[in-house]
Structures are given as structure tokens and as C-alpha cells.
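Secondary and tertiary structure notes
Next come the chains, spelled out residue by residue.
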Amino acid sequence: VREATDFCQKFLSRTKFFFTETILTGHSLGGTIAIATAFRLGLECHAFNPGATVIDQLGKRVNSSPASRKKITVHRISDDIASACSAKVSNVEIKVYKHSKRGFGHSIDQFLR
């Protein structure tokens, strides 16, 4: 997470005149890292089937800090085990979708049309 945070901070400092908004995204472990980085830097985030650990632990610790005021959205497939324990934390919206395609429910393909 430290490496992702450092990368985002460098990216933001070098591109602040080119972009008005930065949104982090990730799937599975990448979604978990995106959430942790978004909480630390106060960025918006969309995570797809992330593990719940960061939301449960980090989210509860930093939830009241000014940096966590941006919206975090967790997109999860209803029968995905990895993201099944996503906790309700303020500033975190959890959207649940039906498993609509053949194959593993955790796959990013479940979110593609």
C-alpha cells in the first residue's frame, strides 16, 4: 500500500495541472490496495470484488479523518466469497450485482457486458 500511495502522490503532483479529478480503481487485491490508497489520500475509488480487510480495519480507523471524505464504491458480485464481508462504513457505498455470466463469480469478466 505504501508503494501505491507513493506512486499516486507523485502522479498527482506531476499532473495536477492536467486533471481536475483522479479516481482510483482496482479488482481483487488491486481493489483492496486502491481502497487503502484512496482512504490515505482522500481520493474517490471504485473497487471491484475487493477483499474486505481494508474496509473493515482501515476504514473504521480513518473514517473520521478529513482525508476519507471522498466516495469509495465497492462493486461486488453477490456470490463472490472474497468480497462477501465488505463492511458498511460511511463514505463506502456497496453495490451488489447478480452473477450473470458463466464462470467464477470473482472474475472481473462478471462486470463486463
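Residues numbered from 1 in each chain as written. Predicted model: local features only at pLDDT ≥ 70, side-chain atom pairs only at ≥ 80, totals over all residues. Heavy atoms only, no water.

**Side note on the layout of surface pockets**
Where empty space is left can be seen by rolling a probe of water-molecule size over the atoms. We count it as follows: As defined here, a cavity is a set of points on a 1 Å grid over the protein atoms alone where a 1.4 Å probe fits but cannot get out. A pocket is an open set with protein on both sides within 12 Å along at least five of seven lines, and residues line them when an atom is within 4 Å of a point. Grid points are joined across faces, edges and corners, and a volume is the space filled by probe spheres set on the points. The secondary structure listing takes helices from DSSP runs of H or I that are at least 4 residues long and strands from runs of E that are at least 2 residues long, numbered from the N terminus. Charged residues are taken to be Asp, Glu, Lys and Arg, nonpolar residues to be Ala, Val, Leu, Ile, Met, Phe, Trp, Tyr, Cys and Pro, and polar residues to be all remaining types, Gly included.
Put simply, the largest pocket is a space of about 170 Å³. What lines the largest pocket is simply Ala4, Cys8, Ile23, Leu24, Thr25, Gly30, Ile33, Ala34 and Thr37. Within the residue set of the lining of the largest pocket, elements represented by two or more residues are helix H1 (2-15), strand S1 (23-27) and helix H2 (29-41). Sorting elements by how many residues they give to the lining of the largest pocket places H2 first, with 4 residues. Its residues assigned to classes, the lining of the largest pocket comprises 6 nonpolar, 3 polar and no charged.

**Quick notes on the packing of aromatic side chains**
The condition is simple: Stacked, tilted and edge-to-face are the three classes applied to pairs of Phe, Tyr and Trp rings, where Trp contributes its six-membered ring and a pair requires centres within 6.5 Å; stacked means planes under 30 degrees apart, edge-to-face means over 60, and tilted covers the rest. Exposed residues in this analysis have more than 50% of their type's maximum accessible area, buried residues have under 20%, and partly exposed residues fall in between, with area computed by a 1.4 Å probe over protein chains only.
Enumeration over the complete set of coordinates arrives at 3 aromatic pairs. Ring centres 5.9 Å apart and planes at 25° place the aromatic pair Phe11 and Phe19 in the stacked group. Residue class for Phe11 comes out partly exposed when judged on its relative accessible area of 33%. Ring geometry for Tyr97 and Phe111: centres 5.9 Å apart, planes at 85°, overall edge-to-face.

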